[in-house]
Amino acid sequence: MNVPRTVFFVATLALISASVQAAEPSFSRKQITDDFWAEGATIGDFNHDGTPDVAYGPWWFEGPDFTKKHEVYPATATWQLAKPGEPAETLPGFMGAKSPKNGYSDNFIAFTDDFNGDGWDDILVIGFPGKETFWYENPKAEGGVWKKHLCLASVDNESPTYAPVLADGRKGLVCSSGGFLGYALPVKGQPDAEWTWHPISPKGPWQRFTHGIGIGDVNGDGRPDMLEARGWWEQPAVLDGDPAWAFHEFIFGKGGAQMLVNDVNGDGLPDVVTSLEAHGNGIAWFEQTKEDGVQGWKKHMIVGAKPEETSHGTVFTQPHALALLDLNGDGLPDLVSGKRFWAHGPAGDIDPNAPAVLYWFELRRNGKDAEFIPHLIDSDSGVGTQVMAGPLGVGKKPGILVGNKKGAFVFEQK
């Protein structure tokens, strides 16, 4: 029997497609601590052994099993758990899931980099909104508490980030401070010096609890631009004298979390992925359009307030953290997000006690159309003000790290 080449080719493609879909990643769950120390966490090789470790609050945990921990800075915070008819119990960390009351940590977001150029991973800690940001110097093989260096005395916004801010790839701290949007850069050759603040806007309404900020090349000119809930700020070609960047107004929601720039549908125009309201509902990607040279934005819902707002019907509240990473190896960046657990405690927000879900959303393209397909990872972790996606485990496959009021969780690909 002779099978026509076209039929054979189509059947072969179907088999390949089925095998690719069957290779959907699955994750193992490991809670490395149930103490609440931070609302974020970071990945790095802190002992220089070639295996990823994780840092959460004042501790870093050795990979690949994350059972052995070491202090980064003094772990002195404690709180009292009252028990009827019994003496109060002193517990480490801050009031979180173990407490009937709400508490806040002094560590909201963390990043890893080699800040002094010695070849060892250091840790950047962004504290409570409006407070200082420090980087902690890896003591290398000597061990012990890490030396603290001030980056910036006042860091505002609930989703500041550390990312490339200049066309040459130099990284900086992206935030608002003193009512201005801007970024802080390390001083070249002076790792002990406080970072230099560069405002990019006139003084405006930004304060420490403002929601939504990001950095990325929105217009494709090779220079990272800054994003906020009300629009985006275009980086000029010349930065001498800290000129104000040109503002392009567009409402990207009521104030979400991280604002991520990526060409979602592959049409050559950078798009924006963000949550719409950090303490409410909604995640969307905004497709950038160009008609007669005029920029526009088209909203596509990823997670809505109601099931009917998306084709898959996924709904959860308080999407206070997002990250992009290719999790399934198809070359497209997938989205990681979930519900922030107890942002303001057990009664402070919409659906505070609903399951603390964590999802990855698979990016699929069909021509110039694109969609994010939800995959539930876990229902008892959620996210904090940060969720970190990166290489984890011995094989360094892409995994997910969560730090929040339930503690710290590592999700490795099986």
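Up top is the structure.
Residue positions are given per chain, counting from 1 as you read along its sequence in written order. Where local features are concerned, this predicted model is filtered to residues with pLDDT of at least 70; where side-chain atom pairs are given and counted, the filter is 80 or more; whole-chain, interface and lining totals use all residues. To get the side-chain values, take all heavy atoms of the structure and skip hydrogens and water.

Observations concerning the overall build of the protein
Step number 1: Strands are runs of DSSP state E lasting at least 2 residues, helices are runs of H or I lasting at least 4, and numbering of each runs from the N terminus. Check the secondary structure of the protein and you find one helix and 30 strands.
Step number 2: Against the compact-globule benchmark of 22 Å for 414 residues, the protein has a radius of gyration of 22 Å, which places it among compact chains.
Step number 3: Dimensions along the principal axes, computed over C-alpha positions, put the protein at roughly 80 × 55 × 45 Å.
Step number 4: Each residue is placed in one exposure class: buried if its accessible area under a 1.4 Å probe, protein chains only, is under 20% of its type's maximum, exposed if it is over 50%, and partly exposed if it falls in between. For the protein, buried positions account for 52% of its 414 residues.
Step number 5: Counted over contacts in the protein with a minimum sequence separation of 6, partners at least 24 positions apart contribute 47%.
Step number 6: Counting only carbon and sulfur atoms, one obtains 53% of the accessible surface of the protein, whose full area is about 17900 Å². This radius of gyration counts C-alpha atoms alone. The globule rule is 2.2 Å times how many residues there are, raised to the power 0.38. The contact definition used throughout considers only heavy atoms, calling two residues in contact when any of these lie within 4.5 Å. Per-residue and other accessible areas follow the Shrake-Rupley method at a 1.4 Å probe size, with only the shown protein chains counted as cover for residues.

Concerning the sheet that holds strand β8 (residues 109-113)
Step number 1: Between any two strands, pairing holds if DSSP finds at least two bridges. With antiparallel pairing, the four strands of this open sheet are ordered in space as β8-β9-β10-β11. The sheet is open, and its two borders are formed by β8 and β11 (147-152), each paired with just one other strand. Adjacent strand axes in the sheet meet at a mean angle of 25° when their direction is disregarded. Angular values range over 0 to 180 degrees, each being the angle between N-to-C directions of two axes fitted as lines to C-alpha atoms, with helices fitted over their stretch in contact.

Thoughts on the pattern of salt bridges
Step number 1: Counted as salt bridges are all cases of a side-chain nitrogen of Lys or Arg within 4 Å of a carboxyl oxygen of Asp or Glu. Summed over the entire model, instances satisfying the criterion amount to 12 salt bridges.
Step number 2: Among the salt bridges present, the one from D378 reaches R29, with a minimum N-O distance of 3.1 Å. Remark: R29 occurs in strand β1 (residues 27-33) and D378 occurs in strand β27 (residues 369-378); sequence separation between them is 349 residues.
Step number 3: As a salt-bridge pair, D35 and K98 come within 2.8 Å of each other at their nearest N and O atoms. You can see D35 sitting in the loop between β1 and β2 (42-44) and its partner K98 sitting in the loop between β7 (86-92) and β8, a full 63 residues away along the chain.
Step number 4: Taking relative accessible area as the criterion, D35 reaches 15% and is therefore assigned buried.
Step number 5: Each of R29, D378, D380 and K406 takes part in salt bridges that share partners, so that together they form one network.

With respect to the packing of aromatic side chains
Step number 1: Only Phe, Tyr and Trp rings are paired, with Trp represented by its six-membered ring, and only when their centres lie within 6.5 Å; those with planes under 30 degrees apart are stacked, over 60 edge-to-face, the remainder tilted. Under the definition given, this model contains 26 aromatic pairs.
Step number 2: Here the aromatic rings of F250 and F252 are separated by 4.9 Å at their centres, their planes lie at 65°, and the arrangement is edge-to-face.
Step number 3: For F250, a relative accessible area of 24% translates into the label partly exposed.
Step number 4: Residue classification places F252 among the buried residues on the basis of a relative accessible area of 1%.
Step number 5: Ring-pair connections join several aromatic residues into one group, and the members of that group are F111, F115, W135, Y162 and W195.

Quick word on the side chain of T51
Step number 1: For T51, the location among the structural elements is in the loop between β2 and β3 (53-56).
Step number 2: When neighbours within four sequence positions are excluded, T51 is seen to be in contact with D45, G63, P64 and G393.

Some points on the sheet that holds strand β25 (residues 334-338)
Step number 1: Strand order in the open sheet made by the four strands is β24-β25-β26-β27, with antiparallel pairing throughout. In this open sheet, the two strands that pair with only one neighbour each are β24 (322-325) and β27. For this sheet, the mean angle separating the axes of adjacent strands, direction not counted, is 25°.
Step number 2: For strand β26 (residues 358-366) and β27, the ladder comprises nine bridges, and the chain directions are antiparallel. Paired with N366 across the bridge in β27 is D369.

Overview of the nonpolar core
Step number 1: Membership of the largest hydrophobic core comes to 33 residues, with the highest contact counts inside it found for V54, Y56, L124, L173 and W195.
Step number 2: Those elements giving two or more residues to this core turn out to be β3, β4 (59-61), β8, β9 (122-126), β11, β13 (171-177), β28 (387-392) and β30 (407-413).
Step number 3: What V54 contacts, discounting residues up to four positions off in sequence, is I32, T42, I43, G44, F46, W59, W60, F61, F66, L392, L401 and V410.
Step number 4: Formed by 18 residues, the second largest nonpolar core is a distinct cluster that contains A257, I283, I302 and Y359. Among buried residues, those of type Ala, Val, Leu, Ile, Met, Phe, Trp, Tyr and Cys that are joined through side-chain atoms within 4.5 Å constitute a nonpolar core.

Looking at the pairing of strand β22 (residues 283-291)
Step number 1: In this sheet, β22 lies alongside strand β21 (residues 271-275) in antiparallel orientation, the contact comprising four bridges. In the strand pairing of β22, V272 is matched with F286.
Step number 2: Relative to strand β23 (residues 294-303), β22 is paired through nine bridges, and the arrangement is antiparallel. Bridge pairing links E287 to K298 in β23.
Step number 3: The hairpin formed by β22 and β23 contains two residues between the paired strands, and D292 there has a positive phi angle of roughly 55°.

The quantities given are spatial measurements derived from coordinates; they are silent on function.
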